[in-house]
Amino acid sequence: MKLTYSDAGVDIREGNRAVELMKESVRSTYTSGVIGDIGLFSGGFSLKEFTSMEEPVLLASTDGVGTKVLIGQEMNIHNTLGIDLVAMCVNDLICQGAKPLFFLDYIATGKLKGEKIGKIVDGIAEGCRQGNLALIGGETAEMPGLYQEDEYDLAGFSVGIADKKNLITGEDIEPGDIILGLASTGLHSNGYSLARKLFLEELGYSLDLFIPELGESIGEALLRPTKIYVKEIQSLMEKFTIKGISNITGGGFYENIPRILKKGLGAKIKENSWDKGALFNFIIKTDKIEKKELYRSFNMGIGIILVISPKDEIEVLKELESLHWKGYSIGKVILGEGVSFT
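Just so it is clear, the structure is predicted and the values come from calculations on it, not from any experiment. (Residues numbered from 1 in each chain as written. Predicted model: local features only at pLDDT ≥ 70, side-chain atom pairs only at ≥ 80, totals over all residues. Heavy atoms only, no water.)

1. Overview of the sheet that holds strand β6 (residues 152-163)
Phase 1 of the analysis: Across the sheet, which stays open at both edges, the 4 strands sit in the order β3-β6-β4-β5 with mixed pairing between neighbours. Edge positions in the open sheet fall to β3 (56-64) and β5 (134-142), since each of these has one partner strand only. Each neighbouring strand pair of the sheet contributes to a mean axis angle of 15 degrees, computed without reference to strand direction.
Phase 2 of the analysis: Pairing geometry for β3 and β6, over 9 bridges, is antiparallel. Note on β6: the bridge partner recorded for G64 is A155. (Pairing = 2+ DSSP bridges. Helix = DSSP H or I, 4+ residues; strand = E, 2+ residues; numbered from the N terminus. Axes fitted to C-alpha atoms, helices over the stretch in contact; angles between N-to-C directions.)

Pasting the structure below:
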């Protein structure tokens, strides 16, 4: 008997079935710029809408979800991870004031199962709808031998556009400027190796353990999808001058805030000026992680920070409230280097 691809562990028919299952979700993200349809060899997007820009600049971002996928795999919940994947990319794009245009995904797995892939793509499509960008392509790779049968990993790639004169670079930030924090929905998609070490090993919890202080199980709290801030940031940019935006991801406060500050400038953060949320308050209560490590590994309840002029502080906070998202005045820009807490 001669060998087939199925004998090697790759099921082409199941891959085709997965594509059929995801078509409706993918098309639900299409915007006016999309050219072509799912199934072509590449995705197309027209830039005709942006020809009025003085100097249009494309910005790109790529990322994954990290070890958060292990939580989803163990709990057999896969759709929220797709939202995380989009968020990790587009929340970076908006830090420079870009309007996200389109997204592509890459899913690698040991054994392709149409329904599971469909749920992941459903989540990716939901993330794209939240961020108002189109899912125009992707790849699903079945890799027996590299991944175990139920294992998978995700990667995403997004492209946005901005007029060069409107790019947010941090160049205008000066001492005395206000640092605003936009509330996170939890861990987002960073710090999961430490969180798993804390909950599953150090504390010996199971993911299905219900925690009264959280109002849900550990696994449910850890799988809360990352907040996508595109609509809030775009609304603020239309009305106010945003001098700097930082996505509080890997590296936490200590590494991400300095990325938008010029040499000679630092940030002083008021540690108790915002509600950190049930999950982070619970982590603090365990007293298992040093304070500096908390703010270096986690977002501690702040997903995005904005730097604005003091004269705009009250109005920006009011605008955030009207957008039904919580913002806090958490600190100031100072002369110096790095990030300090008071």
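Moving on, there is more to tell.
2. Considering the nonpolar core
Most often, soluble globular proteins keep nonpolar side chains buried together rather than apart.
Phase 1 of the analysis: If you look at the biggest cluster of nonpolar residues, it comprises 85 residues, and the most contacted ones within it are L222, F253, I269 and I283.
Phase 2 of the analysis: No other element matches helix α3 (residues 79-93), which puts 7 residues into this core.
Phase 3 of the analysis: Every residue in contact with L222, bar those within four places of it in the chain, is listed here: K68, I71, L187, Y192, A195, F199, L207 and L279.
Phase 4 of the analysis: Core analysis: the second largest hydrophobic core is formed by 9 residues, F45, F50, L101 and A134 among them. (Core = buried A, V, L, I, M, F, W, Y, C linked by side-chain atoms within 4.5 Å. Buried < 20%, exposed > 50% of the residue type's maximum accessible area, 1.4 Å probe, protein only. Contact = heavy atoms within 4.5 Å.)

3. Digging into the packing of helix α7 (residues 230-239) against helix α11 (residues 313-322)
Phase 1 of the analysis: At a closest axis distance of 10 Å, the pairing of α7 and α11 adopts a crossing angle of 140 degrees. Classed by the angle they form, the pair α7 and α11 counts as oblique. For α7 against α11, the interelement crossing comes out right-handed. Residues S235, L236 and K239 of α7 form the contact with α11, whose participating residues are V316, E319 and L320.
Phase 2 of the analysis: Here the contact of α7 with α11 is built from residues that sort into 3 nonpolar, 1 polar and 2 charged. (Parallel < 35°, antiparallel > 145°, perpendicular 65-115°, else oblique. Left-handed = near helix turned anticlockwise from the far one by under 90°. Nonpolar A, V, L, I, M, F, W, Y, C, P; charged D, E, K, R; others polar.)

4. Structural notes on the environment of L200
Phase 1 of the analysis: Turning to its location among the elements, L200 is positioned in helix α5 (residues 192-202).
Phase 2 of the analysis: Along the primary structure L200 and I218 are separated by 18 residues, whereas in three dimensions their C-alpha atoms are 9.5 Å apart.
Phase 3 of the analysis: Not counting residues within four places of it along the chain, the set of residues in contact with L200 comprises Y205 and L207.

5. A few points about the side chain of E142
Phase 1 of the analysis: Mapping E142 onto the fold places it in strand β5.
Phase 2 of the analysis: In this structure, E142 is buried with no salt-bridge partner, the nearest side chain bearing the opposite charge being K111 at 4.3 Å. (Lys, Arg positive; Asp, Glu negative; His and termini not counted. Salt bridge = Lys/Arg side-chain N within 4 Å of Asp/Glu carboxyl O.)

6. Brief notes about the sheet that holds strand β11 (residues 265-269)
Phase 1 of the analysis: Spatial ordering of the open sheet is given by β10-β12-β7-β13-β11-β14, a layout of 6 strands whose pairing is mixed. Each end of this open sheet is capped by a strand with a single partner; those strands are β10 (244-247) and β14 (338-341). Shown here is a sheet whose adjacent strand axes are inclined to one another by a mean of 25 degrees, direction ignored.
Phase 2 of the analysis: Bridge count for strand β7 (residues 178-183) against strand β13 (residues 327-335) is 5 bridges, and the pairing is antiparallel. Counted as the bridge partner of I179 is G331 from β13.

7. Considerations on the environment of T241
Phase 1 of the analysis: With respect to the helices, strands and loops of the structure, T241 is situated in the loop between α7 and β10.
Phase 2 of the analysis: Given the relative accessible area of 54%, T241 is considered exposed.
Phase 3 of the analysis: Considering only alpha carbons, one finds T241 and L323, 82 residues apart in sequence, at a separation of 17 Å.
Phase 4 of the analysis: Contacts of T241, omitting those with residues within four sequence positions, involve I308 and D312.

8. Quick look at the pattern of salt bridges
Side chains that carry opposite charge are capable of pairing whenever their charged atoms lie near each other.
Phase 1 of the analysis: Going through the model one piece at a time under the given rule, you end up with 20 salt bridges.
Phase 2 of the analysis: For R224, the salt bridge goes to E216, with nearest N and O atoms at 3.0 Å.
Phase 3 of the analysis: Bridged by salt links that share partners, the residues K113, K116, E149 and D150 form one connected network.

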